[in-house]
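Overview (structure and organization)
Chain residues, written in single-letter form:
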Amino acid sequence: MHNQTRRASVRTLAAMLLAFAVTLSAAPAALAAEGGSYPNANINVHDQAALQRGARLYMNYCVGCHSLKYVRYSQLAGGIGLTEKQVMDNLNFTGAKFGEPIVTAMPEADAEKWFGKVPPDLSLEVSAKGADWVSAYLKSFYLDPATNSGWNNTVFPNVAMPFPLWQLQGEQEAVMNPPENGQPATVRELKLAHPGSLTPAQYDEAVRDLTTFLAYVSAPDELVRSHIGAWVVLYLVLFTLFALVLKKEYWKDVH
Ligand code: HEC
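Being a predicted model, the structure only gives us computed values, none of them experimental. (Residues numbered from 1 in each chain as written. Predicted model: local features only at pLDDT ≥ 70, side-chain atom pairs only at ≥ 80, totals over all residues. Heavy atoms only, no water.)

1. What to know about the nonpolar core
Core analysis: the largest hydrophobic core is formed by 46 residues, its most contacted members being Tyr 58 and Leu 68. Contributing elements (two or more residues each) for this core: helix 2 (48-61), strand 1 (68-72), helix 3 (73-80), helix 7 (131-138) and helix 9 (200-218). Among the elements that make up this core, the one with the highest residue count is helix 9 (9 residues). Dropping the residues within four chain positions of it, Tyr 58 is found in contact with Val 63, His 66, Ser 67, Leu 68, Leu 122, Leu 210, Phe 213 and Leu 214. (Core = buried A, V, L, I, M, F, W, Y, C linked by side-chain atoms within 4.5 Å. Buried < 20%, exposed > 50% of the residue type's maximum accessible area, 1.4 Å probe, protein only. Helix = DSSP H or I, 4+ residues; strand = E, 2+ residues; numbered from the N terminus. Contact = heavy atoms within 4.5 Å.)

2. Some points on the coordination of the iron atom of the ligand
Surrounding the iron atom of the ligand are the protein donor atoms His 66 (NE2) and Met 161 (SD), at 1.9 to 2.1 Å. Relative to the metal, the 6 donor atoms surrounding the iron atom of the ligand lie at angles of 88 to 178°, and the coordination shape comes out octahedral. Taken as a pair, His 66 in the loop between helix 2 and strand 1 and Met 161 in the loop between strand 4 (151-153) and helix 8 (166-169) lie far apart in primary sequence, 95 residues in all. The exposure class assigned to His 66 is buried, which follows from its relative accessible area of 10%. Here Met 161 falls in the buried class, since its relative accessible area comes to 18%. (Donors = N, O, S within 2.8 Å, 3.2 Å for Na, K, Ca; no water. Tetrahedral: all angles 85-135°; square planar, octahedral: opposite > 155°, others 65-115°.)

3. Things to note about the site of the ligand
Near the ligand you find 22 residues, and of these Cys 62, Cys 65, His 66, Lys 129 and Met 161 are the closest. With respect to the ligand, the side chain of Glu 125 contributes an N or O atom lying 2.7 Å from an oxygen atom. In this structure, the ligand is accommodated by the second largest pocket. Within the residue set of the shell around the ligand, elements represented by two or more residues are helix 6 (125-129) and helix 7. By residue number, the principal contributor to the shell around the ligand is helix 7, which donates 3 residues. (Near = heavy atom within 4 Å. Polar contact = N/O pair within 3.5 Å; in protein donor to acceptor, adjacent residues only side chain to side chain. 1 Å grid on protein atoms, 1.4 Å probe; cavity = no way out; pocket = protein on both sides within 12 Å on 5 of 7 lines; lining within 4 Å. Sits in = over half its atoms within 2 Å of the grid points.)

4. Some details on the packing of aromatic side chains
Applying the stated rule across the entire model yields 9 aromatic pairs. Judged by centre distance (5.7 Å) and plane angle (45°), the ring pair of Tyr 58 and Phe 213 falls under tilted. One end of the pair, Tyr 58, is in helix 2; the other, Phe 213, is in helix 9, and 155 residues separate them in sequence. Summarising the burial analysis for this pair, Tyr 58 and Phe 213 share the class buried. Between the aromatic rings of Trp 133 and Phe 156, the centroid separation amounts to 6.3 Å while the plane-to-plane angle is 55°, which identifies the pairing as tilted. You can see Trp 133 sitting in helix 7 and its partner Phe 156 sitting in the loop between strand 4 and helix 8, a full 23 residues away along the chain. Of the residues examined, Phe 156 reaches a relative accessible area of 36% and is grouped as partly exposed. (Phe/Tyr/Trp six-rings, centres within 6.5 Å; stacked < 30°, edge-to-face > 60°.)

And the structure:
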């Protein structure tokens, strides 16, 4: 009789833990689904070397137009494993102070005049669009003489952004589908017409680093949060065991 009770409580405990584990593992899957139908960006925000390479690319090719106003240089340092001196020497070209947010030097009125659009702040871009979207976007620029900048993009058609990484990726051209029933022709695929300084594999790697960095700035607390998460789970498991032992102790006298 006593043995049966114990087996039952062990079974209950196992079921509880299983339900808990299922809940935990379902959450990231639900978040990842936001990326839509774009290829997996395959990023790992715990990879500090990738974060550092991504930060460098961002400061060289993007910050001239796009601010990261919710992130301070000081936050950046700790988060991606650099010292204050390394950040100020290698990643801060605007003369901002260490404690200041990452803003762009370009006045909005000029941007409006040059591109017809103000380049948006990218602090929350990965939260808004998903890492997969950002990664696909950065691989989908192609030459198009019909646009103002000379560039178009299959992920963001008629985007006002001139492709800043063309020297790295090279220049892609669109192979068009034949026009159908008077509809404008659509893009079938992109072909690398003029190679850049990186091979396609190296360019994919660079986009992965850049996307990793943008994912990190979208949720700088995530690194801390995921460490705390492990302790919370451990606490819950230990507490459950403790509660079971306690319950047994109380019910001993009742039986
Ligand atoms: C010369 C200025 C300029 C540079 C440099 C630049 N961008 Fe842009 N970017 C723009 C403009 C302008 C837009 C707005 C385009 C639009 O809405 O049509 C834009 C839009 C974007 C968007 C889409 C935002 C949205 O609407 O969701 C992303 C993502 C982006 N840029 C990423 C980058 C990255 C990453 C870099 C660096 C590799 C970069 N940009 C460099 C001007 C720039």
